[in-house]
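Each chain, written out:
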Amino acid sequence: MLRRRLNRLFGRDERKVDSRTIYVGHRPCPATEALIPPKFCDNRIVSSKYTVWNFLPKNLFEQFRRIANFYFLIIFLVQVIVDTPTSPVTSGLPLFFVITVTAIKQGYEDWLRHKADNEVNKYLVTVLEDGRRACKESEKIKVGDVVEVVEDETFPCDLILLQSSREDETCFVTTASLDGESNHKTHYTVPDTERNLESLSATIECEQPQPDLYKFVGRMHIYRNNQEPAVRSLGPENLLLKGATLKNTQKIYGVAVYSGMETKMALNYQGKSQKRSAVEKSINAFLLVYLCILVSKALVCTTLKYVWQNRPGQDEPWYNQKTQKEKDTNLYLKMFTDFLSFMVLFNFIIPVSMYVTVEMQKFLGSFFISWDKDFFDPEIQEGALVNTSDLNEELGQVEYVFTDKTGTLTQNNMEFIECCIDGFQYKYADSGTELDGFCVTDGPGNILQQKAGREKEELFLRALCLCHTVQVKEATGQGDGVADCVEDQVDGVMGLDGETVGPADLGGFIASSPDEVALVKGAMKYGFKFLGMESKNMRVMNRNNDVETYELLHVLNFDPVRRRMSVIVRTKSGDTMLFCKGADSSIFPRVRQEEVDKIRMHVERNATEGYRTLCVAYKLLSREEYDQADTGLREAKLALQDREEKLMAVYNQVETGMSLIGATAVEDRLQEEAAETMEALQGAGMKVWVLTGDKMETAKSTCYACRLFQRSTELLELTVRTLVDLGRKREERLHELLLDYHKRAVQDAPPIKAGVTRSWSSANQDYGFIIDGATLSLVLNSSPDSNSSCYKSLFLQICQNCTTVLCCRMAPLQKAQIVKMVKNCKGSPITLSIGDGANDVSMILEAHVGIGIKGREGRQAVRNSDYAIPKLKHLKKLLLGHGHLYYVRIAHLVQYFFYKNLCFILPQFLYQFFCGYSQQPLYDAAYLTMYNICFTSMPILANSLLEQHICMEVLMDNAALYRDVAKNAMLGWGPFLYWTLLGVYQGLLFFFGVRFLFSNPALQDNGQVFGNWSYGTIVFTVLVFTVTLKLAMDTRHWTWINHFVIWGSLAFYMFFSFFWGGIIWPFLRQQRLYFVFANMLSSVSAWLIIILLILLSLLPEILLLVLRKPRGPHSRQKKPVVQSGEGETQSPRSSARPLLMKTFSDESNTIL
Amino acid sequence: MASNYNAKEEDGHQPAAIGHGGAGTVKNKKPDNTAFKQQRLPAWQPILTAGTVLPAFFVIGLIFIPIGIGLFVTSNNIKELEVTLTNYSVWLAIFHPCYNCSQSYSWNSTKPCTCSVPFSLDQPFESNVFMYYGLSNFYQNHRRYVKSRDDSQLNGDKASLKSPSKECEPYRTSDEKPIAPCGAIANSLFNDTLELYYIDPNGSRTAIPLVKKGIAWWTDKHVKFRNPGGNDNLTVVFQGTSKPVNWRKSVYELDPSDPDNNGFINEDFIVWMRTAALPTFRKLYRIIHKKPNMTPTLPLGRYILEVTYNYPVRSFEGRKRMILSTISWMGGKNPFLGIAYITVGSVCFFLGIVLLIIHHKYGNRNHSADIRS
């Protein structure tokens, strides 16, 4: 049902009710007019993007839609068209390389998609055609075909189950590939259809395709020998989804209702919206700056060129005449082409290769996450999963962590702890202590050592055994389901099977929610065994080992709105009983009030201890009552429209006037190292928000257990409870409270700088904020008076000043809403969502970084996440370790790239002042091209993959280090300016150093002189060495790869230069560099200037390194900083501690 | 709906077709425990601290300062004399012996203009003396100029000889015949003749022998530049080609006396063809070899430079000069390198001292602070 809400996000056309009519087996039906075959799409799945024919144009078009590629294409075209100083090859080659590699990659991916499509589309299926069985390729199935599917086959399209080989007209499917739930679900045939499918004449009327996997409304008209057509309602329990697999059933027949791209599976593959990292935004900003530099350089040169040319004799001296064509060209056109030429000459400042390198770095770098064995969880035999490599660095920038509670902070591994029957507490101690397995520990209030009557006990335990949707998994594999696999959610999470091996002869229980299993097993401990279903009869073995059977009449499914579920059973003796279990808030109003008070204390106490509580109630239905309910339910189930609302109304009508029997408490253990992880995250300056669907008390206790709330934390509570206090208008109260809290948390807080607020100082009062879903919606979508926006900003300000915010009773969409609100607030902080269930998907998709936990609640979250980890504790390493390193690496990569291209191009720019602004390149074309591709690209790539400026252990021990890189610290304008100035300084140095040397170009001991190419080569040599050595200086972690790549590329440069200058190249028109490099090396002066300039350019860097010493302490040496040391000594204690010791201390802190 | 569906593919991270969603992404293997994959490659982790850098500063200082002093002394010992052939200053230019010649703008003047410039050496030039001509404000590095050549033609390629590269425009053909050597660089070959005479104290002039071999790069002379079809019969080889417009004689008449210095492999030509880096440049013209006996190559005294003034520079406000220079192991006279080395060396040394002081004064305090914490 949550998924339905989710899907509402995507498929908005749900409301367009417009049904389609399907003729089963394409047979015309008597009642309808002549068969007009309706047009439906074929059953072909097309996930591929290209065909062989359109690949080239379409792919090229898509690639050049990217700004960077387009820019380089323009530069290339300018080079081709205009007479530019560098040949088109210099920029064409890298561009071609990039485009080709990308095209190959995308082509390969598309080929894989084609292959997979074909596998699905060409799969042979058996179709019944006019009584014959015919083999058809899957893609040829048409809507209306009757399809046969055998065991372990996947359904080729969405089918309505007509016939099953099983006796009980059911079949089992698993939807593992659709939603990740691997339990077997029972689907039912349409009741009362004929066994002979050839003679079946029927039409199906159903809604138009829509993406919700769990919703289907349809109606089947069966025509029999001119009788009045029989109408059968169709629901999701009759629909077999494409992609699901048939299990435990020999074969089934079904009629295709949705095919191909209209199947629910296809409709559900909505693309994730592409997330862009903050680094990418920084890159774009820097690009803009460099683009400005580029344009202004070109403008300056063009202007100066024409100023210079105006002096007599300069434009066209006798020794350097223009061609006729040049003379004829229009002056303004010439100016324009000159401008373009300069642009081309300087365009290397924005290198193509940066994009390639960044992409490669991200792609290759992400492997380290999936390779990390620390992320490997032996339990599920899986490591981390990286779904996108675009966000690696974002992991190092997280400011807000939104975490789910159930399954994320807690294990979602339920254990029955105690129950309370009729006001008396029962805690299961040891199986052998008492005859009946009950042992009373302490009772509430002053009633001690009293048992509730045996009758009540047994009623309670029977209720536990009957009121659920658990299936018994039998060793024989013949697991009869109780009910249709409804999504049972008790705190709003979807369950996978909470399968645990049961004791004794039972194979185990399968249920959609783990606490149902916990309850059934809890009842078992007290002697009531649920034995399973036998054709609509539930069998329960009672304490006397007698088997009782109950006829299951109705299951009133769980849903998060009602927050309860019920069953209606008929006992042997003919009594009709309704058992209901659900959240206290939903049960209490529906039972007699005098019973409530006895139980309420228990429930509240259990909740504060961090247990999940459920109340159990029952009701004896009179015959009239039952008949009324029965007809109501049947009618509602048949409704084609608003079926849910109608069902809900009937449910609510039936579940009234019940009597409360008791309550249960189930413990959900904290995840391993949950507290340490949370503490580390907070220490790293992240704000942790817990978003949960659970009760406030439970969630609060979990927060204490995870040490998100400290004992000293002052809690600001904004919940329904605090709002109704004064019995005034809620909005007034809300406003008042908000203002009050704002005063406390924001205004009264000492006015300190942002950096200090985040700090860990104990002097500051920590605030924790608690809000629940109802209040939140009041805050966010309050009535259209002017206050609403004011509420929101007040709320945000309060939250930003709190270390922890707890949002309970959240609907999935509200979770996303909160994430969105924080994401879009001032300063646009980086948000991270972590969750494990389908109810977290919306927030995972919404946040900058979405993390899925490979928990026990299916794979929905994992598949929609950007990264998936097996356990919560891995988050620490993922963020503090990997994230930090990735961020530092990519930030360094980006800055370095801009820097190295600035000092590459600056000498070329300066040279224009000495060559008459004639666009004469300083470096040879080969150097221009190879600089970014070969000479300087590999070291930085290796560095950005392997660098660990601080090693992983220290980063993880010292959470505060994370703050060093917070707020995009390394890509701010400050560091950018530093790198730019460094580039400018070095560029100036390279050029003018060589310029002064060349005031006498006789640099060899034989008196011979050097020319312009020698000039360029000297500058270039200095450049390559300086830039590489600068990187070497930045490298803090020298592995053999770093050594190999850094010294290797310098050696390669030398080798290449010798090689390039050592041969008269046969197919080149010019041999400018012939022996230039070798001659340069034969000159002592050249050597001396190269060494001098390299040293001088690195000198400021060395100086800074030495002077910037404070980094020392927390660099590599493991000097445990005192704070973290204390944290460590504390941590084991906390994890060993039972869930809550400081239970009630929070109450006193709460402001009411 | 279909378009909606297609949109999903935009992200490009879809691992496989939708028919196989999920299944392919599940990894069941434990990650390899290799040092590389765990980012635990053994690594050298250098830390630049004052302790390691300080000695480096001193060492650099100690190395650079002597080198700098050596360079500076060497450069100072190099004797260099510049003789201006065209004066900048309009007023003084009138008194220059070559004033009249330099007034001529054109190439076409039939009668060569000669002038003699007297100068004197204050000190004798020992060892080999190198004679350069220098030009100022001559943009040999102008792009249009630099590319206006055909290296295949100069390398002796016969096809290129007949049809030179388009880059040579507008110096590609003349009279419908291909120009050899083509292009602006070749066309503007420096064609002044400089002769040096020593004026004996008694007034007689002794011609100083000027060697024109060894002025070009060896590789240029022997590999990069080649006459088409060997060095014999250049007249035949170059038949069908035209001389560059500004030249008075054909390429095969550059040095008729020496077949190894004629045509494309004429060293004066090769030197010219190596385009200068800056608009003010010098190019090696001749070498005056050391005399076998102990007498200096150029004794002190008066000299006369006989200039056949062909090369107009006035039109582009250029300046022409002749430079006599000795050469050391570091090349020609250039005090810059020495000064630079001394400066950098001193700066390093100074920084070393400053850092040492800082290190001593504050380093200890930091250290103790660390301990306290």
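Cut-off values and rules
Residues numbered from 1 in each chain as written. Chains lettered and ligands numbered in written order. Predicted model: local features only at pLDDT ≥ 70, side-chain atom pairs only at ≥ 80, totals over all residues. Heavy atoms only, no water. Helix = DSSP H or I, 4+ residues; strand = E, 2+ residues; numbered from the N terminus. Buried < 20%, exposed > 50% of the residue type's maximum accessible area, 1.4 Å probe, protein only. Contact = heavy atoms within 4.5 Å. Areas by Shrake-Rupley, 256 points an atom, 1.4 Å probe, with all protein chains shown as cover. Pairing = 2+ DSSP bridges. Axes fitted to C-alpha atoms, helices over the stretch in contact; angles between N-to-C directions. Buried area = accessible area lost by both parts, 1.4 Å probe. Salt bridge = Lys/Arg side-chain N within 4 Å of Asp/Glu carboxyl O. Polar contact = N/O pair within 3.5 Å; in protein donor to acceptor, adjacent residues only side chain to side chain. Nonpolar A, V, L, I, M, F, W, Y, C, P; charged D, E, K, R; others polar. UniProt positions renumbered as here; feature names shortened; annotations may be inferred. Phe/Tyr/Trp six-rings, centres within 6.5 Å; stacked < 30°, edge-to-face > 60°. Expected span 1.5 Å × (residues − 1). Parallel < 35°, antiparallel > 145°, perpendicular 65-115°, else oblique. Left-handed = near helix turned anticlockwise from the far one by under 90°. Disulfide = S-S within 2.5 Å. Arc of directions from axis to C-beta. Core = buried A, V, L, I, M, F, W, Y, C linked by side-chain atoms within 4.5 Å. Patch = residues over 30% accessible without salt bridge, like charges linked within 9 Å, V, L, I, M, F, W, Y side chains within 5 Å.

Observations concerning the overall build of chain A
Turning to step 1, where the next piece is worked out: Looking only at helices and strands, chain A features 39 helices and 33 strands.
Turning to step 2, where the next piece is worked out: Here chain A holds 1152 residues, and 62% of them are scored as buried.
Turning to step 3, where the next piece is worked out: Considering only intrachain contacts with a sequence separation of at least 6, the fraction spanning at least 24 residues in chain A is 74%.
Turning to step 4, where the next piece is worked out: Per element, the accessible surface of chain A, about 43,700 Å² overall, is 58% carbon and sulfur.

Structural notes on the overall build of chain B
Turning to step 1, where the next piece is worked out: Looking only at helices and strands, chain B has 12 helices and 10 strands in total.
Turning to step 2, where the next piece is worked out: Within chain B, the fraction of its 373 residues that count as buried is 50%.
Turning to step 3, where the next piece is worked out: Total accessible area on chain B stands at roughly 17,300 Å², and carbon and sulfur atoms take up 58% of it.

Remarks on the sheet that holds strand β1 (residues 19–23) of chain A
Residues and elements named next belong to chain A.
Turning to step 1, where the next piece is worked out: The 4 strands lie next to each other as β1-β8-β9-β10, forming an open sheet whose pairing is antiparallel. Where the open sheet ends on each side, the last strands, each with one partner, are β1 and β10 (230–234). Each neighbouring strand pair of the sheet contributes to a mean axis angle of 20°, computed without reference to strand direction.
Turning to step 2, where the next piece is worked out: As paired elements, strand β8 (residues 202–207) and strand β9 (residues 218–222) share 5 bridges and run antiparallel to each other. Paired with Glu 205 across the two strands is Arg 219, which belongs to β9.

Brief notes about the interface of chain A and chain B
Turning to step 1, where the next piece is worked out: Taken together, the 132 residues of chain A in the interface contact 115 residues of chain B.
Turning to step 2, where the next piece is worked out: Of all residues in chain A, A:Trp318, A:Tyr319 and A:Arg1069 bury the most surface against chain B, accounting for 9% of the area lost on that side.
Turning to step 3, where the next piece is worked out: If you look at where chain A meets chain B, you find 2 salt bridges.
Turning to step 4, where the next piece is worked out: Residues B:Arg40 and A:Glu953 are paired through a salt bridge, measuring 2.7 Å at the closest nitrogen-oxygen approach.
Turning to step 5, where the next piece is worked out: Across the chain A-chain B interface, the total number found is 33 residue pairs in polar contact (both at pLDDT 80 or more).
Turning to step 6, where the next piece is worked out: Ranked by residue count, the leading element in the side of chain A that touches chain B is helix α37 (residues 1084–1107) of chain A, at 14 residues.
Turning to step 7, where the next piece is worked out: Its residues placed into classes, the side of chain A that touches chain B shows 61 nonpolar, 41 polar and 30 charged.

Considerations on the UniProt feature "transmembrane region" (unreviewed entry) in chain B
Residue and element names in this part refer to chain B.
Turning to step 1, where the next piece is worked out: Under the local residue numbering, the UniProt record ascribes the feature "transmembrane region" (unreviewed entry) to residues 47–73 and 336–358.
Turning to step 2, where the next piece is worked out: Annotation note: span residues 47–73, helix share 89%, strand share 0%, distance between end C-alpha atoms 38 Å.
Turning to step 3, where the next piece is worked out: Secondary structure content for residues 336–358 is 100% helix and 0% strand, while the C-alpha to C-alpha distance between its ends is 32 Å.

Some points on the packing of aromatic side chains
Each pair of aromatic rings is reported with the distance of its centres and the angle of its planes.
Residues and elements named next belong to chain A.
Turning to step 1, where the next piece is worked out: For the structure on display, the rule yields 94 aromatic pairs over all chains.
Turning to step 2, where the next piece is worked out: Seen from their ring centres, Phe 935 and Phe 1020 are 5.8 Å apart, and the 65° between their planes marks the pair as edge-to-face. One end of the pair, Phe 935, is in helix α30 (residues 925–935); the other, Phe 1020, is in helix α34 (residues 1012–1034), with 85 residues separating them in the sequence.
Turning to step 3, where the next piece is worked out: Overall, Phe 935 belongs to the buried group, its relative accessible area being 0%.
Turning to step 4, where the next piece is worked out: Exposure remark for Phe 1020: the relative accessible area of 0% places this residue in the buried category.
Turning to step 5, where the next piece is worked out: Relative to Phe 1075, the ring of Tyr 1074 lies with its centre 5.1 Å away and its plane at 55°, an arrangement referred to as tilted.
Turning to step 6, where the next piece is worked out: Using a relative accessible area of 28% as the deciding quantity, one classes Phe 1075 as partly exposed.

So, helix α10 (residues 352–365) of chain A
Turning to step 1, where the next piece is worked out: The end-to-end C-alpha separation of α10(A) is 20 Å, in line with the 20 Å expected for 14 residues at 1.5 Å each.
Turning to step 2, where the next piece is worked out: Among the residues of α10(A), those classed as buried are A:Val352, A:Ser353, A:Met354, A:Thr357, A:Val358, A:Gln361, A:Lys362 and A:Gly365.

Topic: the packing of helix α29 (residues 874–912) of chain A against helix α31 (residues 937–946) of chain A
Working note: a packed helix pair is described by the angle between its axes plus the distance between those axes.
All names here are of chain A.
Turning to step 1, where the next piece is worked out: Packing of α29 against α31 leaves a shortest axis separation of 8 Å and a crossing angle of 160°. As summarised for this structure, α29 and α31 are arranged roughly antiparallel, according to the angle between their axes. Seen from above, α29 lies across α31 with right-handed handedness. Every residue of α31 that contacts α29 at Arg 889, His 892, Leu 893, Tyr 896, Phe 897 and Lys 900 is listed here: Ser 937, Ile 940, Asn 943, Ser 944, Leu 945 and Leu 946.

Describing the pattern of salt bridges
Residues and elements named next belong to chain A.
Turning to step 1, where the next piece is worked out: Scanning all chains against the criterion turns up 47 salt bridges over all chains.
Turning to step 2, where the next piece is worked out: Measuring nitrogen to oxygen at the nearest pair gives 4.0 Å for the salt bridge that ties Glu 137 to Lys 122. Of this pair, Glu 137 sits in strand β3 (residues 132–137) while Lys 122 sits in the loop between α4 (88–121) and β2 (124–129), placing them 15 residues apart in sequence.
Turning to step 3, where the next piece is worked out: Between Arg 570 and Glu 551 there is a salt bridge, with its nearest N and O atoms 3.9 Å apart. With a gap of 19 residues between them, Arg 570 in strand β23 (residues 564–570) and Glu 551 in strand β22 (residues 547–559) connect regions that are remote in the sequence.

Let's talk about the environment of A:Val352
Residue and element names in this part refer to chain A.
Turning to step 1, where the next piece is worked out: By the secondary structure assignment, Val 352 is in helix α10.
Turning to step 2, where the next piece is worked out: Given a relative accessible area of 9%, Val 352 falls into the buried group.
Turning to step 3, where the next piece is worked out: Between the alpha carbons of Val 352 and Val 98 there is a distance of 8.0 Å; along the sequence they are 254 residues apart.
Turning to step 4, where the next piece is worked out: In contact with Val 352, other than residues within four places in its own chain, are Phe 72, Pro 94 and Val 98.

What about the sheet that holds strand β27 (residues 687–691) of chain A?
Two pairing modes exist for strands in a sheet, parallel and antiparallel, and in both the strands are linked by backbone hydrogen bonds.
Residues and elements named next belong to chain A.
Turning to step 1, where the next piece is worked out: Read from one edge to the other, the open sheet built from 9 strands follows the order β14-β33-β32-β31-β15-β27-β30-β29-β28, with strand pairing classed as mixed. The open sheet terminates on both sides in strands that have one partner only, identified here as β14 (385–386) and β28 (714–718).
Turning to step 2, where the next piece is worked out: Where α29 meets the sheet, it contacts β31 (831–835), β32 (849–853) and β33 (867–869), and its direction lies at approximately 140° from that of β33.

What about the packing of α37(A) against helix α2 (residues 50–77) of chain B?
Turning to step 1, where the next piece is worked out: Between α37(A) and α2(B), whose axes approach to 12 Å, the crossing angle comes to 150°. In terms of orientation, α37(A) and α2(B) fall into the roughly antiparallel class. Of the two possible hands of crossing, α37(A) and α2(B) adopt the one that is left-handed. Of the residues in α2(B), those in contact with A:Leu1088, A:Ile1091, A:Leu1092, A:Leu1095, A:Leu1099, A:Ile1102, A:Leu1103 and A:Val1106 of α37(A) are B:Ala50, B:Val53, B:Phe57, B:Ile60, B:Phe64, B:Ile67 and B:Leu71.
Turning to step 2, where the next piece is worked out: Considering only residue class, the contact of α37(A) with α2(B) consists of 15 nonpolar, no polar and no charged.

A few points about the state of the cysteines
Turning to step 1, where the next piece is worked out: Enumeration according to the criterion identifies 3 disulfides over all chains in this entry.
Turning to step 2, where the next piece is worked out: The side chain of B:Cys101 participates in a disulfide bridge whose partner is B:Cys113; the two sulfur atoms lie 1.7 Å from each other. Between B:Cys101 and B:Cys113 the sulfur-sulfur dihedral comes to about -85°; the bridge is accordingly left-handed. Of this pair, B:Cys101 sits in helix α4 (residues 99–103) while B:Cys113 sits in strand β2 (residues 113–121); the two residues are 12 residues apart in sequence, bridging distant segments of the chain.
Turning to step 3, where the next piece is worked out: By relative accessible area, B:Cys101 is classed as buried at 2%.
Turning to step 4, where the next piece is worked out: For B:Cys168, the disulfide goes to B:Cys182, at an S-S distance of 1.9 Å. Of the two residues, B:Cys168 is situated in the loop between α7 (158–162) and β4 (173–174) and B:Cys182 in the loop between β5 (177–178) and α8 (184–187); the sequence distance between them amounts to 14 residues.
Turning to step 5, where the next piece is worked out: Looking at chain B, its bonded cysteines, counted consecutively from the start of the sequence, adopt the pairing 1-4, 2-3, 5-6.
Turning to step 6, where the next piece is worked out: Distance from the sulfur of A:Cys157, which forms no disulfide, to the nearest cysteine sulfur (A:Cys41) is 10 Å.
Turning to step 7, where the next piece is worked out: A:Cys799 supplies the cysteine sulfur nearest to A:Cys825, a cysteine that is in no disulfide, at a spacing of 9.8 Å.

A short note on helix α18 (residues 643–654) of chain A
In an α-helix, one turn spans 3.6 residues; hence positions three or four apart end up facing the same way.
All names here are of chain A.
Turning to step 1, where the next piece is worked out: Taking 1.5 Å of rise per residue, 12 residues should cover 16 Å, and α18 covers 17 Å from first to last C-alpha, within 8% of that figure.
Turning to step 2, where the next piece is worked out: Residues of α18 that are buried: Arg 643, Leu 647, Val 650, Tyr 651 and Val 654. Projected down its long axis, α18 carries its buried residues within an arc of 105°, all on one side.

A word on the nonpolar core
Turning to step 1, where the next piece is worked out: In this structure, A:Phe1020, B:Phe119, B:Phe269, B:Trp272, B:Leu298, B:Leu305 and B:Leu324 are the most contacted members of the largest nonpolar core, which totals 200 residues.
Turning to step 2, where the next piece is worked out: Residues within four places of A:Phe1020 in sequence aside, it is in contact with A:Phe904, A:Tyr923, A:Tyr927, A:Tyr931, A:Phe935 and A:Tyr1053.
Turning to step 3, where the next piece is worked out: Among the nonpolar cores identified, the runner-up in size contains 52 residues, and A:Val401, A:Met678, A:Leu945 and A:Leu946 belong to it.

Observations regarding a nonpolar patch on the surface
Residue and element names in this part refer to chain A.
Turning to step 1, where the next piece is worked out: A surface patch of nonpolar side chains, amounting to about 360 Å² of accessible area, comprises Phe 1052, Phe 1055, Phe 1059 and Ile 1063.
Turning to step 2, where the next piece is worked out: By the element assignment, Phe 1055 lies in helix α35 (residues 1040–1062).
Turning to step 3, where the next piece is worked out: We classify Phe 1055 as exposed; its relative accessible area is 53%.

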